Amino acid sequence: MADEHHAVPLAGGTLGRQGHTCAFFNTRDEEYRLLLPFVKDGLEAGEKAIHIVDPALRGDHLARSSAFGIDVGAAQATGQLEVMSWHDAHLRGGSFDGRATTVLVESLLRKARADGFPRVRVVGHMEWALQPPCDVAALVEYEARLSDALPGYDDPLVCTYDRARFGGGTVMDVLRAHRTAIMDGALQENLSFLPPTRLLPKLRGPILTRLRDQYLTALVAGACREALDIVGEEALSYEVPAQSLYLDVIQAAQWEIGRLREAGRITVAQERLATEISRSALAQIRVHLPAERSNGLHAVVACVEGELHDLGARIVSDLLETAGFEVCFLGANVPTESLVELVLRRPPHLLALSVAADSNLPALRHAVAAVRSVTRDRVRIAVGGQALVGKPGLVKRLGVDIHARDARGTVAAVRQLFKL
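Predicted model, so just to flag it, every value in this text is computed and none were measured.

**Comments concerning the overall build of the protein**
- Within the protein, the secondary structure is distributed over 16 helices and 14 strands.
- Once the C-alpha set of the protein is aligned to its principal axes, its extents read approximately 90 × 40 × 35 Å.
- Taken across its 420 residues, the protein has 52% of its residues classed as buried.
- Each charge class in the protein can be summarised by its mean position, and for the 47 positive and 51 negative side chains these summaries are 7 Å apart.

Below you can see the structure in the form of structure tokens.
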């Protein structure tokens, strides 16, 4: 993460040249536990510390620093520690101007060099952006441009955020503006980082695209709170239909998670955490799905034997319920023998089978053949899943009634087949 000359220890990692990072904390105690060693190390190395804080919390900030063993009075007297109010920095003049604030930061760094300090460690509390009439969109743009605006400096700048006070979408947009971040108590490389030329146009895109990108960022970061906030209160405030959240946000993001795992950019553990977050997200918004009157039809939805990825099948199951079906959702890894037994005992009108991994395609063929052998054509069969994408010949050989690329296509085909 950093070369030895510029390495600065922080939250279990190291910052290097142009160490502009964001830090998300759940409590003030957590924030100071992680940042005060970073501050003290710099002061003991003869570096300057500049802190930009909420004026109402200035006294608490100094008291916590003193309790940690920092000689606050002496450091302030020599100019080594400078504690500024928001109103003297980001909100100077009564409102926020990103360009003016960037110029101010650069002038503070330049003055510290002129005063003989080898480096400056800056800590800025960012809750000023929540003060009216500030605009969080301006905050994200400022954060995105700040690193590019200070190319000649290797001073670490840490922008801190109270996760409980910022919306999930804002937190994820801010995260994408930084190469590194402190999340859940650890400094880490940010896989979702985008330079300003790529990030800023995305922030002005269609709402569904923005929500998907924010939600995907939360999944990659393992940020459950923000992910649920994005598809919960924030999406509903935009009056986004629950079905669109299912298909265009959660399902689309999960596909990308799968691609990232296959490319080796995230681990299996990260993929599984993302899936569990999405499972919680579906449960949260399921109550908002519109429900049609019962159509008198019964459906069974299952993953074939050996298939452990059942999120796509869960989405199909929920959407079939909204279409009026009585649905029996069996989940992952359903043995073919058990599936046939269930179908014989109570033949459904529709059997929907899901397969995500290519290694489970033989199980799919076996399941379709086994069900056909005992039901003939009395049960309509639909198949889907990522393992079937781009394999039209295989689908044709299966001889099933329905195949679609995604849950939206599957439900549309089911409606057409049953004339609903």
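**Some thoughts on unusual backbone geometry**
- Cis geometry is adopted by the peptide bond preceding proline 133, which originates at proline 132 and carries an omega value of 5 degrees.
- Tracing the chain through its elements places proline 133 in the loop between strand E6 (120-125) and helix H5 (136-149).
- Although it is not a glycine, aspartate 184 adopts a positive phi angle of roughly 55 degrees.
- Relative to the helices and strands, aspartate 184 resides in the loop between strand E8 (180-183) and strand E9 (186-189).
- Located in the positive-phi region is arginine 376, a residue other than glycine, with phi close to 55 degrees.
- Within the secondary structure, arginine 376 is located in the loop between helix H14 (361-375) and strand E13 (380-384).

**A few points about the sheet that holds strand E5 (residues 81-85)**
- Strands sit in the order E5-E4-E6-E7-E3-E8-E9 across an open sheet of seven strands; the sheet is mixed. Every other strand in the sheet has two partners, leaving E5 and E9 as the edge strands with one partner each. Ignoring strand direction, the axes of neighbouring strands in this sheet form an average angle of 20 degrees.
- The pairing of E8 with E9 spans four bridges and is classified as antiparallel. Following the sheet pairing, methionine 183 is matched in E9 by alanine 186.
- Lying over the sheet, helix H1 (residues 28-44) contacts strand E3 (20-25), strand E4 (48-53), E6, strand E7 (157-162) and E8, oriented at roughly 155 degrees with respect to E6.
- Helix H6 (residues 168-176) rests against E3, E7 and E8 of the sheet, and its axis sits at about 155 degrees to E3.

**Concerning the side chain of arginine 176**
- Of note, arginine 176 is situated in helix H6.
- Residues within four places of arginine 176 in sequence aside, it is in contact with Asn190, Ser192, Phe193, Leu194, Leu199, Lys202, Leu203, Asp213, Gln214 and Thr217.

Quick notes on the rules
One numbering rule holds for all chains: residues counted from 1, following each sequence as written. Thresholds applied to this predicted model are a pLDDT of at least 70 for local features of residues and 80 or more for the giving and counting of side-chain atom pairs; totals over whole chains, interfaces and linings are not thresholded and use all residues. Just so you know, side-chain values use all the structure's heavy atoms and leave hydrogens and water out. A run of H or I in DSSP counts as a helix once it spans at least four residues, and a run of E counts as a strand once it spans at least two, with each numbered from the N terminus. Working definition: with a 1.4 Å probe on protein chains only, accessible area under 20% of the residue-type maximum means buried, over 50% means exposed, and in between means partly exposed. His is not counted, nor are the chain ends, whereas Lys and Arg count as positive and Asp and Glu as negative. Taken as the charge centre is NZ of Lys, CZ of Arg, CG of Asp or CD of Glu, depending on the residue. Paired strands are those between which DSSP finds at least two bridges. Structural elements are reduced to axes, namely lines fitted to C-alpha atoms, with helices fitted over the stretch in contact, and the angle between N-to-C directions of any two is expressed from 0 to 180 degrees. Whether two residues touch is decided by their heavy atoms; if any such pair falls within 4.5 Å, the residues are in contact.

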